[in-house]
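Coordinate analysis (summary)
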Amino acid sequence: MGRHNNDNVLGTSNNNHGKKCRNCVSPVRDVVHPTRTVVRTTTNEKRIRNIHPTEVINVNRTVIRNENYFPVTERQVNETVVEDFDCGSNVNNPNNCRPRRNFF
């Protein structure tokens with residue numbers, strides 16, 4: 001008697017010499033899922049008395065008002081600015097003007 005491997009992978013088995021098996025039954029495989037966790041909570045009640053004391057302080061306040069005044073005097077100053085330009089010898093062409101350096 002020959003020895004046969006009955007493992008069926010993707011529809012082929014060794015006892016069919018690599019041909020697809022039409023009516024073959026796949027072996028049973030176990031699939032283990034992750035463990036489901038159930039939490040049971042037991043509640044015990046305790047009584048805690050929270051005491052919040054209050055202190056009242058009466059303050060007598062005096063407010064001193066400092067008044068500051070800033071009188072303003074206004075005056076006018078007239079200013080004249082003189083600029084010297086060297087425009088060359090052609091009176092009809094003002095585009096050649098350049099600022100003149102002071103030689104003093």
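A quick note: this is a predicted structure, and the numbers were derived from the prediction, not measured. (Residues numbered from 1 in each chain as written. Predicted model: local features only at pLDDT ≥ 70, side-chain atom pairs only at ≥ 80, totals over all residues. Heavy atoms only, no water.)

**Describing the overall build of the protein chain**
Helix and strand counts for the protein chain stand at zero helices and two strands. Taking all 104 residues of the protein chain together, 3% fall into the buried category. Partitioning the intrachain contacts of the protein chain with sequence separation of at least 6 by distance along the chain shows that 0% fall at a separation of at least 24. (Helix = DSSP H or I, 4+ residues; strand = E, 2+ residues; numbered from the N terminus. Buried < 20%, exposed > 50% of the residue type's maximum accessible area, 1.4 Å probe, protein only. Contact = heavy atoms within 4.5 Å.)

**Section: the confidence of the model for the protein chain**
In the predicted model, the protein chain carries a mean pLDDT of 81, and the fraction of residues at 70 or more is 77%. Taken as a whole, residues 6-13 scores under 50 in pLDDT and shows 16 contacts with residues more than four places along the chain or in a different chain. (pLDDT = per-residue confidence, 0-100.)

**Concerning the pattern of salt bridges**
What the rule picks out here adds up to one salt bridge. In this structure, the salt-bridge partner of E67 is R65, at a minimum N-O distance of 2.8 Å. E67 gets classed as partly exposed once you look at its relative accessible area, which sits at 45%. Under the relative-accessibility criterion, R65 is labelled exposed at 69%. (Salt bridge = Lys/Arg side-chain N within 4 Å of Asp/Glu carboxyl O.)

**Considering the environment of R98**
Here R98 shows up in strand β2 (residues 98-99). Taking relative accessible area as the criterion, R98 reaches 61% and is therefore assigned exposed. On a C-alpha basis, the gap between R98 and D84 in space is 8.7 Å, while along the polypeptide they are 14 residues apart. Residues in contact with R98, not counting those within four places in the same chain, are D84, F85 and D86.

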